[in-house]
Protein chains: 2
Amino acid sequence: MMNTNNVKQLAVFKALADPARLEIVEYLKHVDNEISCGEVGKALNISKTSGSYHFKILQEAGLINARKEAREKYVSLNPECFDKFITNFYKNI
Amino acid sequence: MMNTNNVKQLAVFKALADPARLEIVEYLKHVDNEISCGEVGKALNISKTSGSYHFKILQEAGLINARKEAREKYVSLNPECFDKFITNFYKNI
DNA sequence: TAAATAGTTCAAAAATATTTGAACTATTTT
DNA sequence: AAAATAGTTCAAATATTTTTGAACTATTTA
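Read on for an overview of the structure. Owing to the predicted nature of the structure, the values given are computational and were not obtained by experimental measurement.

Each value, and the rule that gives it
Residues numbered from 1 in each chain as written. Chains lettered and ligands numbered in written order. Predicted model: local features only at pLDDT ≥ 70, side-chain atom pairs only at ≥ 80, totals over all residues. Heavy atoms only, no water. Pairing = 2+ DSSP bridges. Helix = DSSP H or I, 4+ residues; strand = E, 2+ residues; numbered from the N terminus. Contact = heavy atoms within 4.5 Å. Axes fitted to C-alpha atoms, helices over the stretch in contact; angles between N-to-C directions. Buried area = accessible area lost by both parts, 1.4 Å probe. Salt bridge = Lys/Arg side-chain N within 4 Å of Asp/Glu carboxyl O. Polar contact = N/O pair within 3.5 Å; in protein donor to acceptor, adjacent residues only side chain to side chain. Near = heavy atom within 4 Å. Nonpolar A, V, L, I, M, F, W, Y, C, P; charged D, E, K, R; others polar.

Here's the deal with the sheet that holds strand 1 (residues 35-36) of chain A
Residues and elements named next belong to chain A.
Working step 1: Strand order across the open sheet formed by 3 strands is 1-3-2, with antiparallel pairing between neighbours. Either end of the sheet is taken by a strand with one partner, and the two such strands are strand 1 and strand 2 (64-69).
Working step 2: Across the sheet, helix 2 (residues 19-31) touches strand 1, strand 2 and strand 3 (72-77), and the angle it forms with strand 3 is around 85°.

Structure representation (structure tokens):
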């Protein structure tokens with residue numbers, strides 16, 4: 001049986017269990033600054049529709065922060081989420 | 001584009017991105033000793049066919065060690081894999 | 001104000017992953 | 001030797017995830 005903490009834990013692993021999203025995460029880590037979804041998509045060759053879907057999954061998992069400024073959406077990693085659900089995963093289960 | 005290290009990284013996240021496998025991993029962590037697949041399946045209510053499939057995914061990702069003794073297959077976690085691909089993930093990307 | 005740009009939403013199509021049951025191998029118990 | 005047990009494999013069925021293109025909103029540029 002799955003408890004409620006695990007629902008979030010699972011969403012985090014699911015979010016990282018896709019090649020496009022793993023690339024987005026790595027890209028954001030290296031950029032180390034907020035960047036627009038469009039720019040990320042262009043750099044990684046992800047269509048805007050598909051990008052929109054992937055950013056949503058990452059956002060819902062809490063792995064990225066997003067800020068809408070006018071037409072553009074700026075995203076950046078949320079290190080606290082990585083820390084809590086990834087870095088400390090093994091120790092905490 | 002996905003590099004070859006990421007193939008393994010992705011397999012590890014995929015392996016953990018399923019409720020049954022997440023439960024298996026937690027169970028193995030708490031048992032903290034090798035245990036047969038059948039016993040795990042019984043405890044977590046996973047059919048033997050489905051269990052066989054999940055243990056294979058975890059094994060291929062390197063997250064568990066498995067040893068066949070006679071009729072039974074004994075499994076345990078492989079902490080080194082968690083350490084390399086989970087605990088150190090954020091720092092290393 | 002018309003055209004372009006950034007992103008979202010929707011439903012359908014395509015791709016992947018998971019579950020199931022039957023048949024199988026190998027070992028152990030009766 | 002027959003029956004039971006532990007696990008695997010296979011193909012089909014089912015479920016879930018991802019991609020696609022068209023239509024949409026909102027903002028900016030020409």
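Having put the structure on the table, let's press on.
Topic: the interface of chain B and chain A
Working step 1: Taken together, the contact between chain B and chain A spans 26 residues of the former and 26 residues of the latter.
Working step 2: Here chain B and chain A share an interface that buries about 2600 Å² over both sides, 70% of which is from carbon and sulfur atoms.
Working step 3: Here chain B is connected to chain A by 0 salt bridges.
Working step 4: One can count 6 residue pairs in polar contact (both at pLDDT 80 or more) joining chain B with chain A.
Working step 5: Taken together, the elements giving at least two residues each to the side of chain B that touches chain A come down to helix 1 (4-16), helix 2 (19-31), helix 5 (79-87) and helix 6 (89-92) of chain B.

Things to note about the protein's contact with DNA strand D
Working step 1: Neighbouring DNA strand D are 19 residues, the closest being K14, Y53 and H54 of chain A together with G38 and S52 of chain B.
Working step 2: Here a phosphate oxygen of DNA strand D sits 2.9 Å away from a polar atom, N or O, in the side chain of S50 of chain A.
Working step 3: A distance of 2.5 Å separates a phosphate oxygen of DNA strand D from a polar atom in the side chain of H54 of chain A.
Working step 4: Of all the secondary-structure elements, those providing two or more residues to the surface near DNA strand D are helix 4 (48-61) of chain A together with helix 3 (37-44), helix 4 (48-61) and strand 3 (72-77) of chain B.
Working step 5: The element that contributes the greatest number of residues to the surface near DNA strand D is helix 4 of chain A, accounting for 4 residues.
Working step 6: Tallied by class, the residues present in the surface near DNA strand D amount to 3 nonpolar, 7 polar and 9 charged.

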